[in-house]
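Observations on chain architecture
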Amino acid sequence: MNKKENTLEHTGNIKDHGYLKPQDISRDDYFMDICRVVGEKWTCDRGRSGCVIVKDGNILSTGYVDAAEWSPKCEEVGHQIWHVQDEHTHETEHCMRNWCAELHAIAHAAREWICLYWATLYTKMTPCYIRHCAQLIVASGITRVVCERKYQDAKPSEEVFKHAWIELLYLENWIEKY
């Protein structure tokens, strides 16, 4: 059994919508399902996240937690952990070898000359502040961010989005910690 099969219960799968007909599934749930599947391509077992950027019902770009092109991946050489301390002396660990899913999706769009103005970004948890994902989302012109759940250190990103008038929506009411 490989590493991804062994951790499948912790990764995203298409959500069971029960008795709903496809046309009854909300647009946000539909694109979040796609986001979960995109996240299955992760190469760092600490991230396990996907991102889908959508405009007018069309997917513009996708991304997942992965190292930069031609760079070694965590699966190959291990994690590159940074310890970060917040203003309350609470320490978190971040693997800096890989790109966040949001950064990966925005970079892909930029390489393809895809305009992201007025787009909606779907992702597993609140985009991070540490790696400037929140700031990059603002700079790219995205106006709506839909997260499956809140990230443990969401407050700085939430402030960035609030000041930029970006709508932030959480589909589930619990906090992702790792």
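Now for a look at the structure at hand. Note that the coordinates shown come from a computational prediction; the quantities given were computed from them, not determined experimentally.

Reading the values: rules and limits
- Residues numbered from 1 in each chain as written.
- Predicted model: local features only at pLDDT ≥ 70, side-chain atom pairs only at ≥ 80, totals over all residues.
- Heavy atoms only, no water.
- Helix = DSSP H or I, 4+ residues; strand = E, 2+ residues; numbered from the N terminus.
- Buried < 20%, exposed > 50% of the residue type's maximum accessible area, 1.4 Å probe, protein only.
- Contact = heavy atoms within 4.5 Å.
- Areas by Shrake-Rupley, 256 points an atom, 1.4 Å probe, with all protein chains shown as cover.
- Core = buried A, V, L, I, M, F, W, Y, C linked by side-chain atoms within 4.5 Å.
- Salt bridge = Lys/Arg side-chain N within 4 Å of Asp/Glu carboxyl O.

1. Notes on the overall build of the protein chain
Each helix and strand counted, the protein chain has 6 helices and 10 strands in total. Within the protein chain, the proportion of its 178 residues that are buried is 42%. The contacts of the protein chain with a sequence gap of at least 6 include a subset with a gap of at least 24, amounting to 62%. Carbon and sulfur atoms make up 53% of the accessible area of the protein chain, which amounts to about 10,400 Å² in all.

2. Observations regarding the nonpolar core
Judged by nonpolar contacts, the single largest core of 17 residues is most densely connected at Ile53, Leu121, Ile137, Ile142 and Val145. Among the secondary structure elements, those contributing two or more residues to this core are strand 1 (50-55), helix 4 (101-111), helix 5 (133-140), strand 8 (144-151) and helix 6 (155-163). Per-element accounting of this core gives the leading share, 4 residues, to helix 4. Not counting residues within four places of it along the chain, the set of residues in contact with leucine 121 comprises Cys51, Val52, Ile53, Glu102, Ile137, Ile142, Arg144, Val145 and Val146.

3. Quick word on the environment of valine 146
Position of valine 146 relative to the elements: it lies in strand 8. Apart from the residues lying within four places of it in its own chain, the contact partners of valine 146 are Asp28, Met32, Thr120, Leu121, Tyr122, Thr123, Leu169 and Leu171.

4. A few points about the pattern of salt bridges
Across all of its chains, the model carries 7 salt bridges by this definition. Taking the shortest distance from any N to any O, the salt bridge between aspartate 28 and arginine 144 comes out at 2.8 Å. Highlighted residues: aspartate 28 in helix 2 (residues 27-38) and arginine 144 in strand 8, separated in sequence by 116 residues. The two residues aspartate 28 and arginine 144 agree in class, both being buried.

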